[in-house]
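# Per-entry structural report
Each chain is listed here by its residues.
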Amino acid sequence: VQLQASGGGLVQAGGSLRLSCAASGRTFSVTTVGWFRQVPGKEREFVTFMHWSGGGVYYADSVKGRFAISSDNARNTVYLQMNSLKPGDTAVYYCAARSRYYSGTYYEPSGYDYWGQGTQVTVSS
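Just so it is clear, the model here is predicted, and its values are computed rather than measured.

Rules used throughout
- Residues numbered from 1 in each chain as written.
- Predicted model: local features only at pLDDT ≥ 70, side-chain atom pairs only at ≥ 80, totals over all residues.
- Heavy atoms only, no water.
- Helix = DSSP H or I, 4+ residues; strand = E, 2+ residues; numbered from the N terminus.
- Rg over C-alpha atoms; globule rule 2.2 N^0.38 Å.
- Buried < 20%, exposed > 50% of the residue type's maximum accessible area, 1.4 Å probe, protein only.
- Contact = heavy atoms within 4.5 Å.
- Polar contact = N/O pair within 3.5 Å; in protein donor to acceptor, adjacent residues only side chain to side chain.
- Disulfide = S-S within 2.5 Å.
- Pairing = 2+ DSSP bridges.

## Here we look at the overall build of the protein
- When helices and strands are counted, the protein shows zero helices and eleven strands.
- Starting at the N terminus, the α and β elements of the protein follow one another as β-β-β-β-β-β-β-β-β-β-β.
- A compact globule built from 125 residues should have a C-alpha radius of gyration of about 14 Å, and the protein, at 14 Å, falls within 12% of that.
- Considering only C-alpha atoms, the protein reaches an extent of 40 × 30 × 25 Å along its principal axes.
- The buried share of the protein, taken over its 125 residues, is 42%.
- For the protein, restricting intrachain contacts to residue pairs at least 6 apart in sequence, the fraction spanning at least 24 positions comes to 56%.

And the structure:
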C-alpha cells in the first residue's frame, strides 16, 4: 500500500486547511486509516483514526471539535479537515494505514504498517 499526503501549507491562526491522503496498491487489505503529527525533537503524536469500513472515529483531545477525519472510499482517499488552527498545531502531518495483518494499539505509530511521506502544516500567530 502506498500513501500520498498533500494539502499542507502556511495558514494564520484561526484558519483552516484540508489534508488529503490518497492510497494505492493493495488497499483491500487496509482496515484503519489515521493521521499523526510530529514536530522536531518530539515523538510522532496521534491525531485521529477511523475504520475504513465505517464505525466510529477517534480524536486526540487536543484536536477534538476542531479536526474531522473522513474518507471517500471510491477514491481511496482520506481527508483531515482542520479548523480553528492554532500555532500549536504546527507540525509535519503523516497519514497512516493499518492492514488486517497488523495488530497493536491504534493510538501509537507502532499500530500502523503503512505511512505517507508527510506534509508540513505551519500556523502563524
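## Considering the environment of Gln120
- With respect to the helices, strands and loops of the structure, Gln120 is situated in strand E11 (residues 119–124).
- A residue is classified by how much of its surface remains accessible, and Gln120, at 39% relative accessible area, is partly exposed.
- Spatially, the C-alpha atoms of Gln120 and Val92 are 4.3 Å apart, while their sequence positions differ by 28 residues.
- Leaving out residues up to four positions away in the same chain, Gln120 has contacts with Gly8, Gly9, Thr90, Ala91 and Val92.
- Within polar-contact distance, the side chain of Gln120 engages the side chain of Thr122 at 3.3 Å.

## So, the state of the cysteines
- One pass over the full model with this rule turns up one disulfide.
- In this model, Cys21 is linked to Cys95 through a disulfide, with the two sulfur atoms separated by 2.2 Å. Around the S-S axis, the bridge from Cys21 to Cys95 shows a dihedral of about 65° and counts as right-handed. Of this pair, Cys21 sits in strand E3 (residues 17–24) while Cys95 sits in strand E9 (residues 91–99), placing them 74 residues apart in sequence. The pair Cys21 / Cys95 is uniform in exposure class, with both members buried.

## Here's the deal with the pairing of E9
- Burial of E9 is extensive: eight of the nine residues sit out of reach of the surface.
- Sheet topology places E9 next to E11; three bridges connect them, and they run antiparallel. When the bridges of E11 are listed, Tyr93 appears paired with Thr119.
- Alignment of E9 against strand E10 (residues 114–115), held across two bridges, turns out to be antiparallel. Looking at E10, one finds that Ala96 is bridged to Trp115.

## Side note on the side chain of Arg66
- Mapped onto the fold, Arg66 is located in the loop between strand E6 (57–59) and strand E7 (67–72).
- The class for Arg66 is buried, based on a relative accessible area of 12%.

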